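Commentary on secondary and tertiary structure
Spelled out, the chains give:
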Amino acid sequence: MPETVACVGAGVIGGGWVAHFLARGFRVQAWDPAPDAEAKLTRLVDAAWPALTSLGLADGASRDNLVVAPTLAEAVADATFVQESAPEDLPLKRKLLAEIDATTPAGIVIASSTSGYGMTEMQADAATPERLVVGHPFNPPYLIPLVEVVGGDRTAAWAVERAADFYRRVGKTVITMDREVPGFIANRLQEALWREALHMVANGEATVEQIDTAITDGPGLRWPIQGPMLTFHLAGGEGGMAHMLDHFGPSLKAPWTRLDAPELTTELRDAVVEGCEDEAGKRTIADLIAERDRAIIAIQRAVEEARDG
């Protein structure tokens, strides 16, 4: 019998986790209160399976290892790890995590996929908060390897360590954060770029397509190999980051970015939506997902090949 993971919440993120765990050979017991949750989850897993098959399935991996449980208690009953992926609503998260904690066998780590809340504020109502951690993935969880792991004020060190070990065992790249910070690490970096992009659209300085092209055909090509810090290290030439900071440091005071979020007016919202629709053209959401998944796999393989030399 394969090891069992419980996935609570079966939306885009929760369903992505389900697909990933199934592909790694686990038995998954999922629960979601939505009446059409099973049908949506089945469609999501089916859509992800070709990409996962292309990457390579673990021994015993099968979509037949998915069980959609009728109750939360049944979903977590035999689980060796619990991944919660409910909507980003703090009262909901607090209540749900307390319920998961009350029904999950003792000693089992419970991780939340939250993209912004700290575990300190989410674990407030749990009876055994020491086993609650954040395990923040990136969409789609079945392809993007990064998971940010961090506990709250009442989380035990063993839970953080056990969660990090589990994620590594299922093929994830883990950042174990030393302290809580709103939005964690990667989302804060994404948010800075997102806010500046919205400002440029709002001010008529760039179109949606120009912004996307600026990244995909510009710095985005460097980031799969080396992140922004090493990229700027190389920008300093033989002098590295020290020369880069000494030479370009004054430009940090230049008005190149506006990190305060612009007001999301109806006009700005409509402009961004229209720009995305224009850029997508006749490609449906399903088409774009398939295109994205194929490209991510190709990039991952190319990066591995380059690193292996």
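Residues numbered from 1 in each chain as written. Predicted model: local features only at pLDDT ≥ 70, side-chain atom pairs only at ≥ 80, totals over all residues. Heavy atoms only, no water.

Next up on the list: the packing of helix H7 (residues 186–202) against helix H8 (residues 208–216). Relative orientation and spacing of two packed helices are given, respectively, by the angle between their axes and the distance between those axes. Across the interface, H7 lies against H8 with an axial gap of 10 Å and an inter-helix angle of 145°. Between H7 and H8 lies a crossing whose hand is right-handed. Contact residues: H7 offers Leu193, Ala197, Met200 and Val201, while H8 offers Val208, Ile211 and Ile215. Here the contact of H7 with H8 is built from residues that sort into seven nonpolar, no polar and no charged. (Axes fitted to C-alpha atoms, helices over the stretch in contact; angles between N-to-C directions. Helix = DSSP H or I, 4+ residues; strand = E, 2+ residues; numbered from the N terminus. Left-handed = near helix turned anticlockwise from the far one by under 90°. Contact = heavy atoms within 4.5 Å. Nonpolar A, V, L, I, M, F, W, Y, C, P; charged D, E, K, R; others polar.)

One pass over the structure, following the stated rule, counts 14 salt bridges. Arg169 serves as the salt-bridge partner of Glu3, at 3.0 Å between the closest nitrogen and oxygen. Pair noted here: Glu3 is in the segment before strand E1 (4–8) and Arg169 is in helix H6 (residues 157–169), with a separation of 166 residues, a long-range link. Overall, Glu3 belongs to the partly exposed group, its relative accessible area being 27%. For Glu196, the salt bridge goes to Arg258, with nearest N and O atoms at 2.6 Å. Residue Glu196 is found in helix H7, and its partner Arg258 is found in the loop between helix H10 (240–248) and helix H11 (266–280); the two are separated by 62 residues along the sequence. The class of Glu196 is buried, set by a relative accessible area of 9%. In this structure, a network of salt bridges that share partners links the residues Glu84, Glu88 and Lys93. (Salt bridge = Lys/Arg side-chain N within 4 Å of Asp/Glu carboxyl O. Buried < 20%, exposed > 50% of the residue type's maximum accessible area, 1.4 Å probe, protein only.)

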